[in-house]
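A closer look at the structure
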Amino acid sequence: MGLSDVYKNIGTAYNLQTAVYRFSIVSRVCGINDTDEVQILPQNEVNNIECFPMTETLERLLFLYGAGIIDFKTFRKLRDVKHDISDVLRDAENFLIKQHELYEQERFPTDKLPDVITCAALSKIYAGNDSLTFDDVRNICSLESIKIVNGCVKVADVEMMKLLLDLGELFQHCNEKMIYPEPETDKTNILGNDDFMNGDINAEGYPFMVHPKRLMYYEKIYRQIYGVEFLKYAVKCGLSFDDELIDRYGRYIRRVKCSFDISCYHRKRRICGDIVNQFDYFTNIHNDKPAADGTQHIELKVSREETDETLVDMAMHEFMLKVPVQNETVLEVHNQGKIRLYVLRDEQFIPIEADSFRTQLFDHDSIWQKIQNYAADHNIRAVNGIVEVPMELIGLFSDEERPYAERLIKEQYARQIDNKGGKIISKLSDLMAHAATQMGIAEEKSKLKAKREADKSKRDPSVEGNQ
């Protein structure tokens, strides 16, 4: 054959026909004629593709077919993919080269490679920018709840499937002609699908996941303690499903789920009777909120899932080991963005409503004014250490005010008796004097605070920033 004949057969277009001719010459030049183990394409298939442009994708597909890595069915499916899958095929070849450096028992099963290659290649069609790499699919193959069918990633675990649907993951189905309809968004339709209901994961009607790359992260966390809860949290907060998600899960357990800030408030008086109300927990009755008698940050270490109520109970018991509490102590628990209140009664934590605890049950100043007005001219007696409240005084109050007024009088008189050691208090004037002193202190503090705020507002902001 002369030089002109060689170049006449090559032509100007670099398609399969000319490439094969060029490669055959190069092979002969190099003395390579041993092709007995190479798979040969059927002639009709060669005729179909001989005018195809000789791309990297086609060259690698032919090589993988010839080497017996993929079968004819896989070859046909992949050569019809319109997207560039050369990176997938390149990774597959590099992986195969490395495999031969390993012991046979350590190698990836060769019979799974066609599904891995096909899955990564087809994901470029339906997953867009979130398509799978060859290595991604190899990792997915190891997941116990996942199965690859005709190159599509399907979830065999029904409960995980329901979770994925709840979290808004998209699913599709396709047929042998690789026709992909719009993703299914109706959870009822997917779960009601006959193939899904029958558990026939190999059927065309059994949906596959549109963004399967996220499955690697779902699967890593799904079976962990509070894993499902964290996945819902991650989706709600828009966290990225990447290699840092496991670390985020650990921080969630430590800093959110099992992290508690607890304060306790001891009961200072019993004006509210059996009702647990903040008034009885004020250090001073003129406060607008109780001052904590102790605070602690608690981090629990858990070995199994518990309800939120159990975790809170565990945290409060650990708190009690660090901070002294007593009967009727109120504990305020901050956890997962929520505030819960409990009162300790007979070694049990009884939940109480925050609104009920914070509400104003009565007008203290109004009741106290009536008591002061009456006390100016009337006597109050304590018989055998028990304060007797005159009916005339009680009659000054409404039905709603009466129990609080009576307890206020008795409590304040009891304190006077304890202080003086006497059994009879001639007038409430002693009590009023004490109360007036306390009110005066509160007023002075209020005036001092207002003055400081006024002085602060007059300062030059630039000067204040340099302090």
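Residues numbered from 1 in each chain as written. Predicted model: local features only at pLDDT ≥ 70, side-chain atom pairs only at ≥ 80, totals over all residues. Heavy atoms only, no water.

**Section: helix α4 (residues 56-66)**
Those residues of α4 lying buried are Thr 57, Leu 58, Arg 60, Leu 61, Leu 64, Tyr 65 and Gly 66. Just past α4, the residue Gly 68 takes up positive phi, approximately 80°. (Buried < 20%, exposed > 50% of the residue type's maximum accessible area, 1.4 Å probe, protein only. Helix = DSSP H or I, 4+ residues; strand = E, 2+ residues; numbered from the N terminus.)

**Looking at the side chain of Asn 335**
Along the chain, Asn 335 falls in strand β7 (residues 330-335). Residue Asn 335 is classed as buried on the basis of its relative accessible area of 3%. Of the polar contacts made by the side chain of Asn 335, one reaches the backbone oxygen of Ser 259; its length is 2.8 Å. What Asn 335 contacts, discounting residues up to four positions off in sequence, is Val 256, Lys 257, Ser 259, Phe 260 and Arg 340. (Polar contact = N/O pair within 3.5 Å; in protein donor to acceptor, adjacent residues only side chain to side chain. Contact = heavy atoms within 4.5 Å.)

**Topic: the packing of aromatic side chains**
Summed over the entire model, instances satisfying the criterion amount to 15 aromatic pairs. Grouped by ring-pair contacts, the aromatic residues Phe 230, Tyr 233, Tyr 249 and Tyr 252 constitute a single cluster. Here the guanidinium or amino end of Arg 214 rests over the ring plane of Phe 241, the centre of that ring lying 4.1 Å away. Of note, Arg 269 hangs over the ring of Phe 279, and the distance from its end group to the ring centre comes to 5.7 Å. (Phe/Tyr/Trp six-rings, centres within 6.5 Å; stacked < 30°, edge-to-face > 60°. Lys NZ or Arg CZ within 6 Å of the ring centre and 35° of its normal.)

**Overview of the pattern of salt bridges**
Oppositely charged side chains can form a pair if their charged atoms are brought close together. Scanning the entire structure with this criterion turns up 28 salt bridges. Across the pair Glu 45 and Arg 76 runs a salt bridge, and its minimum N-O distance is 3.6 Å. Of this pair, Glu 45 sits in helix α3 (residues 43-49) while Arg 76 sits in helix α5 (residues 72-79), and the two are 31 residues apart along the sequence. A salt bridge links Asp 399 to Arg 402; the nearest nitrogen and oxygen atoms lie 3.3 Å apart. (Salt bridge = Lys/Arg side-chain N within 4 Å of Asp/Glu carboxyl O.)

**Remarks on the confidence of the model for the protein**
Residues with a pLDDT of 70 or more make up 78% of the protein, whose mean pLDDT is 82. Averaged over each element, pLDDT in the protein is lowest for helix α21 (residues 461-465) (40) and highest for β7 (98). Here residues 421-429 is modelled with pLDDT under 50, and outside its nearest four sequence neighbours on either side it reaches 26 contacts, counting other chains as well. Per-residue pLDDT stays below 50 along residues 460-467; that stretch engages in 3 contacts with residues further than four places along the chain or on separate chains. (pLDDT = per-residue confidence, 0-100.)

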